[in-house]
Amino acid sequence: MSSETSSQSPVPSQPGGESRKPRVAVVFGGRSSEHGISVVTAGAVLRAIDRTKYDVLPIGITHDGRWALTADEPERMAITDRKVPDVTQLAESAEGGVVLPVDPANREVVYAEPGSVPKALGEVDVVFPVLHGPYGEDGTLQGLLELSGTPYVGSGVLSSAVGQDKEYMKRVFTSFGLPVGPYTVIKPREWAADPSAARKKVVDFAGEHGWPLFVKPARAGSSIGITKVDSLDGLEDAIEEAQRHDPKVIVEALLRGREIECGVLEFEDGPRASVPAEIPPVSDHAFYDFEAKYIDSASGIVPAPLTDEQTAEVQRLAVEAFEAAACEGLVRADFFLTEDGEFVINEINTMPGFTPISMYPRMWQESGVDYAELVDRLVQAALRRPTGLR
């Protein structure tokens, strides 16, 4: 696939008719619990993006929501001593803020510090939002970019929101006939009104589907806030841990089988699936949690040891999930291959982990699209696609 290089999209000329390179704003960090992994992802994208084709503007969003102008220093955006980086360490000022335009006729970004005259940073042609979790991957940022008429990498408002909320994601997949495992949801209003009734709902669910259960924040990712619960004794703590990240909690039954992932990428002729990967059981971890993924760098198997028929089936289902949720750009689809040989979709990620060790880029590397080309294809797809209703 690497021979099918994407063509350069035209960008508006400067006054006087001089052509220029497209300007890409890489936006990262954010207010979610996945802030640090987003910074790591941004570092990888900044290292890989072709500076001969694009001008780059790194913009970090702090934990409290301030849009900060940051140094273009990807070497400072790595996990060090088992600690993830933070936007505040990279910001050029402790108070200055970047402001995106909301006028579709003006894409000029402005930087302002208290007591100083605002400074124009130039126009942005496309935003690469490498945020994970709420306030970035969930349609909120995508809505802002739609208002401003700014092209951006990845899915739009609806599909980003569906991809973030595990309950509604599963509802959409079920409506399209995709196989989904058993689950139940504890909504904030339920828990506030009658915690004992909410707990009983989970206990009844366990009575039907058995222990263990997985208790998760409904709108978080990177395996943050997830607890594997083996009995009633651990349920209360697991719900409290999930609610630290999201007041809405989803509880899933254990599906016995193999964990299989598949990447989907938007090409000029439509979405295509990568070779799949397998996540083997991780020693010293109850499941494939945050530390296993990012701190201990647990390695998946790429390509997954599947039959040709199984590979074709999971690729078909991955593209169907992409289309069912009306996704754009990219998706990582996660499945279980159950003991009876059936694939069950667990979830999709509309902005999957994109670090050098992440499964999404590794699957595409094995499929013939290296990291730099992957970044380029995503930017080019965003430049081709109009904002607004489509």
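Analysis parameters
Residues numbered from 1 in each chain as written. Predicted model: local features only at pLDDT ≥ 70, side-chain atom pairs only at ≥ 80, totals over all residues. Heavy atoms only, no water. Buried < 20%, exposed > 50% of the residue type's maximum accessible area, 1.4 Å probe, protein only. Helix = DSSP H or I, 4+ residues; strand = E, 2+ residues; numbered from the N terminus. Pairing = 2+ DSSP bridges. Core = buried A, V, L, I, M, F, W, Y, C linked by side-chain atoms within 4.5 Å. Contact = heavy atoms within 4.5 Å. Axes fitted to C-alpha atoms, helices over the stretch in contact; angles between N-to-C directions. Phe/Tyr/Trp six-rings, centres within 6.5 Å; stacked < 30°, edge-to-face > 60°. Lys NZ or Arg CZ within 6 Å of the ring centre and 35° of its normal. Salt bridge = Lys/Arg side-chain N within 4 Å of Asp/Glu carboxyl O. 1 Å grid on protein atoms, 1.4 Å probe; cavity = no way out; pocket = protein on both sides within 12 Å on 5 of 7 lines; lining within 4 Å. Points joined across faces, edges and corners; volume = space filled by probe spheres on them. Nonpolar A, V, L, I, M, F, W, Y, C, P; charged D, E, K, R; others polar. Arc of directions from axis to C-beta. Polar contact = N/O pair within 3.5 Å; in protein donor to acceptor, adjacent residues only side chain to side chain.

### Side note on the pairing of strand E11 (residues 249-253)
Turning to step 1, where the next piece is worked out: Across the 5 residues that make up E11, a large majority, 5, are buried.
Turning to step 2, where the next piece is worked out: Going residue by residue along E11, you find Val249, Val251 and Ala253 tucked away on one face and Ile250 and Glu252 tucked away on the opposite face as well.
Turning to step 3, where the next piece is worked out: Pairing of strand E8 (residues 183-186) with E11 involves 4 bridges; the strand directions are antiparallel. Its bridge partner lying in E11, tyrosine 183 is registered against glutamate 252.
Turning to step 4, where the next piece is worked out: Pairing of strand E9 (residues 213-217) with E11 involves 5 bridges; the strand directions are antiparallel. If you follow proline 217 over to E11, its bridge partner there is valine 249.

### Here's the deal with the nonpolar core
A general tendency of soluble globular proteins is for nonpolar side chains to be buried together.
Turning to step 1, where the next piece is worked out: Counting residues in hydrophobic clusters, the biggest one holds 36 residues, and the most contacted among them are Val26, Phe28, Phe128 and Phe354.
Turning to step 2, where the next piece is worked out: Elements represented by at least two residues in this core include exactly strand E1 (23-29), helix H1 (35-48), helix H2 (87-90), strand E7 (126-129), strand E12 (257-267), helix H11 (359-366) and helix H12 (371-384).
Turning to step 3, where the next piece is worked out: Looking at which element gives the most residues to this core, the answer is H12, with 7 residues.
Turning to step 4, where the next piece is worked out: What valine 26 contacts, discounting residues up to four positions off in sequence, is Ala42, Val45, Leu46, Val56, Leu57, Pro58, Ile59, Phe128 and Val130.

### Some remarks on the environment of tyrosine 135
Turning to step 1, where the next piece is worked out: With respect to the secondary-structure elements, tyrosine 135 resides in the loop between E7 and helix H3 (140-148).
Turning to step 2, where the next piece is worked out: Linking tyrosine 135 and isoleucine 250, residues 115 residues apart in sequence, is a C-alpha distance of 19 Å.
Turning to step 3, where the next piece is worked out: Not counting residues within four places of it along the chain, the set of residues in contact with tyrosine 135 comprises Arg31 and Thr140.

### Some remarks on the environment of isoleucine 226
Turning to step 1, where the next piece is worked out: Here isoleucine 226 is to be found in the loop between E9 and strand E10 (227-229).
Turning to step 2, where the next piece is worked out: Through-space distance from the C-alpha of isoleucine 226 to that of leucine 255 is 16 Å; in sequence the pair is 29 residues apart.

### Quick word on the sheet that holds strand E2 (residues 55-61)
Turning to step 1, where the next piece is worked out: Overall, mixed pairing links the 4 strands, which are arranged E3-E2-E1-E7 in an open sheet. Edge positions in the sheet fall to strand E3 (67-69) and E7, since each of these pairs with one other strand and no more. Direction aside, the axes of adjacent strands within the sheet are offset by 30° on average.
Turning to step 2, where the next piece is worked out: Bridge analysis of E1 against E2 gives 7 bridges, and the strand direction is parallel. By the bridge assignment for E2, valine 27 is matched with isoleucine 59.
Turning to step 3, where the next piece is worked out: Each of E1, E2 and E7 is contacted by H1, which is oriented at about 155° to E1, the strand it contacts most.
Turning to step 4, where the next piece is worked out: Each of E1 and E7 touches H12; the most contacted strand, E7, lies at about 130° to it.

### Points about the packing of aromatic side chains
Turning to step 1, where the next piece is worked out: For the coordinates displayed, the defined rule picks out 5 aromatic pairs.
Turning to step 2, where the next piece is worked out: On the basis of an interplanar angle of 70° and a centroid distance of 6.3 Å, the ring pair of phenylalanine 128 and phenylalanine 354 is categorised as edge-to-face. With phenylalanine 128 in strand E7 and phenylalanine 354 in the loop between strand E16 (343-349) and H11, the pair connects residues that are 226 residues apart, well separated along the chain.
Turning to step 3, where the next piece is worked out: Since its relative accessible area comes to 0%, phenylalanine 354 is described here as buried.
Turning to step 4, where the next piece is worked out: Taking 6.2 Å as the distance between ring centres and 80° as the angle between the ring planes, the aromatic pair formed by phenylalanine 335 and phenylalanine 343 counts as edge-to-face. Of the two residues, phenylalanine 335 and phenylalanine 343, neither departs from the other in class, the shared state being buried.
Turning to step 5, where the next piece is worked out: Taken together, the ring pairs in this structure connect Phe128, Phe354, Tyr360 and Tyr371 into an aromatic cluster.
Turning to step 6, where the next piece is worked out: Here arginine 31 stacks its cationic end above the ring of tyrosine 135, 3.9 Å away from the centre of that ring.
Turning to step 7, where the next piece is worked out: If you follow arginine 171 out to its NZ or CZ, it ends over the ring of tyrosine 168, 5.8 Å from the centre.

### Quick word on the pattern of salt bridges
Turning to step 1, where the next piece is worked out: Tallied over the full model, the rule gives 30 salt bridges.
Turning to step 2, where the next piece is worked out: A salt bridge links arginine 244 to glutamate 241; the shortest N-O distance between them is 2.9 Å.
Turning to step 3, where the next piece is worked out: Residue classification places arginine 244 among the exposed residues on the basis of a relative accessible area of 61%.
Turning to step 4, where the next piece is worked out: Under the relative-accessibility criterion, glutamate 241 is labelled partly exposed at 24%.
Turning to step 5, where the next piece is worked out: In this structure, a network of salt bridges that share partners links the residues Glu146, Glu266, Glu328, Arg385 and Arg390.

### Quick look at the layout of surface pockets
Turning to step 1, where the next piece is worked out: Considering only enclosed or pocket space, the second largest pocket measures out at about 180 Å³ in volume.
Turning to step 2, where the next piece is worked out: Every residue lining the second largest pocket is listed: Glu146, Tyr152, Gly156, Val157, Glu328, Arg385, Gly388, Leu389 and Arg390.
Turning to step 3, where the next piece is worked out: For the lining of the second largest pocket, the class distribution of residues is 3 nonpolar, 2 polar and 4 charged.

### Looking at helix H5 (residues 166-175)
Turning to step 1, where the next piece is worked out: Residues Lys166, Glu167, Met169, Lys170 and Phe173 constitute the buried set of H5. Within H5, the buried residues cover an arc of 165° as seen down the axis, which keeps them to one side.
Turning to step 2, where the next piece is worked out: Buried positions along H5 lie against helix H4 (157-164), E8, E9, E11, helix H10 (308-324) and E16.
Turning to step 3, where the next piece is worked out: If you check the start of H5, you find a side-chain oxygen 3.0 Å away from the backbone N of glutamate 167, and it comes from aspartate 165.
Turning to step 4, where the next piece is worked out: Looking one or two places after H5, you find glycine 177, whose phi comes out positive at around 80°.

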